[in-house]
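Now for the letters of each chain:
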Number of protein chains: 2
Amino acid sequence: MTSNRQPRAEATRAHIVATAALAFAERGYEGVSLNDLVAASALSKGAFYFHFASKEDLALAAFRAKQEELVSRLLANELPESASEQVEALLRRRARLIREDPSFGCVTRLGSELNVRSAPGSAYVGFQELALSLIADIVRHGQARREFRADLDAEAAARVIFAAIVGIDVLSLLSSGGKDLEERSDELIELLLAGLQSRAETSNVPTQGKERDHGARRTTRVPR
Amino acid sequence: MTSNRQPRAEATRAHIVATAALAFAERGYEGVSLNDLVAASALSKGAFYFHFASKEDLALAAFRAKQEELVSRLLANELPESASEQVEALLRRRARLIREDPSFGCVTRLGSELNVRSAPGSAYVGFQELALSLIADIVRHGQARREFRADLDAEAAARVIFAAIVGIDVLSLLSSGGKDLEERSDELIELLLAGLQSRAETSNVPTQGKERDHGARRTTRVPR
């Protein structure tokens, strides 16, 4: 990542990360040993260990590389102006990319394992920030357009949406080996958009105004 | 569970499950060995192995016992008639019970590990049904009261809500060791209720009608 590193060393490191990403995506953290990863790289142990000394370090690097690639591919195509359509487009693209490119199992499968294996304060926890800030930006964009509810705390909403994505990733792997991720993403979009969107100020639903007041009070209690 | 089992054997089995549940809640699946669980039970190996031959079997039994206890304690107190208030009351009670009784870490912490470790088709996958049917029943109750959107598929909504709960459980453990579960539950309630509740039929929000039509089409595509 640093500019003064040798280009050849950079290329070797990227090669190790790419081969490890595919192995982790296919067999998970528990399913591969450091020796498997050395073998997958086809490098000598000396060359390999110069870059990565532990399975955990390499797992973090592989997750991060594929997470950044997924986000960059998500944002590569132009997004619609409507925030609702952005939510829909991004969640659908995400599920499609994960289906089409098995190495993104590094985000869903390895990510699910790292969610459970990592400790509070670990470097992995900080990796969430990339997804959280992307989601919060879309919520704020929707609020600026008056498409989304003004009373929502964008960071709090982003935490919930990110949690729902983490949940559908792991439950999709558990129930179908990941095959139903697109269907689960559609189900999430369906419930989520209604939760985000502004509603008419006048309403004939009795509990509605009351619940919104509850919600507004709760939002202000979320610490920064 | 069967009525013709000896009462003493039943009591011994329940004792093993209860001591294992606490160990799994405190140290997780990876953190305890079968020997640790034998030691925690204070039984002879022979008595222990008569009931459980593997850590996995005992983990499933411990998860199931604590999941059933959590649901039964959630439903022990009278629920409000309003479906929105039921959602709010149940999610808050759940977070409070988990904070107050460390053995419920067996549902959140061990459950998060089993979500990742279990294979499609395993007995563990079927355990979700208890939570899914409870949630779907509340959604249908809200629809019958015209509190919740008639266009929602109750089972699909239950899958999303369950996924969000699974997600906040694991992210709460990851980011704070479970300390922020009540706050995250409040954030979920805030977004979820707006996603479930009916809205006024007339609306001044331009994208709203369009998105609802999309949603209705998607919902009918969900296979049974």
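Since this is a predicted model, take the numbers as computed values, not measurements.

Draft legend 1. Structural detail: the overall build of chain A. On a plain count of helices and strands, chain A comes out with 10 helices and 0 strands. When its helices and strands are written in sequence order, chain A yields α-α-α-α-α-α-α-α-α-α.

Draft legend 2. Region of interest: the confidence of the model for chain A. Residues and elements named next belong to chain A. In this model, chain A carries an average pLDDT of 88, and 87% of its residues clear a pLDDT of 70 or more. The model gives residues 200–224 a pLDDT under 50, and that stretch makes 36 contacts with residues more than four places away or in other chains. This complex was scored by the predictor with a pTM of 0.86 and an ipTM of 0.86.

Draft legend 3. Local environment of unusual backbone geometry. Backbone geometry places A:R146, a non-glycine residue, at a positive phi of 60°. Mapped onto the elements, A:R146 comes out in the loop between helix 7 (123–144) and helix 8 (154–176). You can call A:R146 partly exposed: it has 13 C-beta atoms within 10 Å. Despite not being glycine, B:A42 shows a phi value in the positive range, around 60°.

Draft legend 4. Focus on the packing of helix 4 (residues 55–74) of chain B against helix 5 (residues 83–100) of chain B. Residue and element names in this part refer to chain B. It is the contact of helix 4 with helix 5, at a shortest axis distance of 10 Å, that shows an interaxial angle of 130°. Comparing their axes, helix 5 and helix 4 come out oblique. Judged by the sense of rotation from one axis to the other, the crossing of helix 4 with helix 5 is right-handed. Mapping the contact onto sequence places L70, R73 and L74 in helix 4 and L90, R93, R94 and L97 in helix 5. Class assignment for the residues of the contact of helix 4 with helix 5 results in 4 nonpolar, no polar and 3 charged.

Draft legend 5. Here's a closer look at the nonpolar core. Residues A:F24, A:A62, A:A164, B:F24, B:A62 and B:A164 are the most contacted members of the largest nonpolar core, which totals 115 residues. Per element, the largest residue contribution to this core is 15 residues, and it comes from helix 8 (residues 154–176) of chain B. Once residues lying within four places of it in the same chain are set aside, the contact partners of A:F24 are A:Y29, A:V32, A:A59, A:A62, A:C106 and A:L110.

Draft legend 6. Region of the structure containing the packing of helix 1 (residues 7–31) of chain B against helix 6 (residues 105–117) of chain B. Residue and element names in this part refer to chain B. In contact at an axis separation of 8 Å, helix 1 and helix 6 are set at 40° when each is read in the N-to-C sense. Helix 6 is crossed by helix 1, and the crossing has left-handed handedness. Within the contact between the two elements, helix 1 uses A21, F24, A25, E26, G28, Y29 and E30 and helix 6 uses G105, C106, R109, L110, E113 and R117. Taken together, the residues of the contact of helix 1 with helix 6 break down into 6 nonpolar, 2 polar and 5 charged.

Draft legend 7. Quick peek at helix 9 (residues 181–196) of chain B. The end-to-end C-alpha distance of helix 9 of chain B, which contains 16 residues, comes to 22 Å, matching closely the 22 Å that a straight helix rising 1.5 Å per residue would cover. Most of helix 9 of chain B sits inside the fold, with 14 of its 16 residues counted as buried.

Draft legend 8. Representation of helix 6 (residues 105–117) of chain A within the structure. All names here are of chain A. Taking 1.5 Å per residue, 13 residues should reach 18 Å; helix 6 reaches 17 Å between its end C-alpha atoms and fits that length. Along helix 6, the sharpest kink reaches roughly 35°, centred on G111. For helix 6, a buried count of 12 out of 13 residues is recorded, marking the element as mostly surrounded by other parts of the structure. All of the buried residues in helix 6 are G105, C106, V107, T108, R109, L110, G111, S112, E113, L114, N115 and V116.

Draft legend 9. Representation of the environment of A:F63 in the model. Residue and element names in this part refer to chain A. Position of F63 relative to the elements: it lies in helix 4 (residues 55–74). Here the alpha-carbon distance between F63 and T108, two residues 45 residues apart in the chain, equals 9.2 Å. Look past the residues within four positions of F63 in its chain and what remains in contact with it is C106, V107, L110, G111, L114 and F127.

Draft legend 10. Local environment of the environment of B:V116. Checked against the element boundaries, B:V116 lands in helix 6. Overall, B:V116 belongs to the buried group, with 21 C-beta atoms counted inside 10 Å. Taking C-alpha positions, B:V116 is 19 Å from B:A65, a pair spaced 51 residues apart along the chain. Among residues more than four places away in sequence, those in contact with B:V116 are A:S112, A:E113, A:V116 and A:V170.

Draft legend 11. Just the environment of B:A61, in detail. Positionally, B:A61 belongs in helix 4. Here the alpha-carbon distance between B:A61 and B:R13, two residues 48 residues apart in the chain, equals 9.9 Å.

How each quantity is defined
- Residue numbers run consecutively from 1 along every chain, following the written order of its sequence.
- Chains carry letters from A onward and ligands carry numbers from 1 onward, assigned in written order.
- For a predicted model such as this one, the threshold for reporting local features is a pLDDT of at least 70, and the threshold for listing and counting side-chain atom pairs is 80 or more; totals across whole chains, interfaces and linings nevertheless cover every residue.
- Secondary structure elements are defined from DSSP: runs of H or I of at least 4 residues count as helices, runs of E of at least 2 residues count as strands, and each element is numbered from the N terminus.
- Every residue is assigned a pLDDT by the predictor, reflecting its confidence on a scale from 0 to 100.
- Each residue gets a C-beta atom placed from its backbone, and two residues are in contact if those atoms lie within 7 Å.
- Exposed residues have 12 or fewer other C-beta atoms within 10 Å of their own C-beta, buried residues have 20 or more, and partly exposed residues fall in between, where C-beta atoms are placed from the backbone.
- Comment: axis = line fitted to C-alpha atoms, over the contacting stretch for helices; angle = value between 0 and 180 degrees taken between N-to-C directions.
- We call two directions roughly parallel when the angle between them is under 35 degrees, roughly antiparallel when it is over 145, roughly perpendicular when it lies between 65 and 115, and oblique otherwise.
- In this scheme the crossing of two helices becomes right-handed for a clockwise turn of the near helix relative to the far one and left-handed for an anticlockwise turn of less than a right angle.
- Lys, Arg, Asp and Glu make up the charged group, whereas Ala, Val, Leu, Ile, Met, Phe, Trp, Tyr, Cys and Pro make up the nonpolar group; the residues left over, Gly among them, are polar.
- What we call a nonpolar core is a set of buried Ala, Val, Leu, Ile, Met, Phe, Trp, Tyr and Cys residues whose membership is set by joining through C-beta atoms within 7 Å.
- One less than the number of residues in a helix, times 1.5 Å, gives the span that helix is expected to have.
- To get the bend at a residue, fit one axis to the 7 residues ending there and another to the 7 starting there, then take the angle between the axes.

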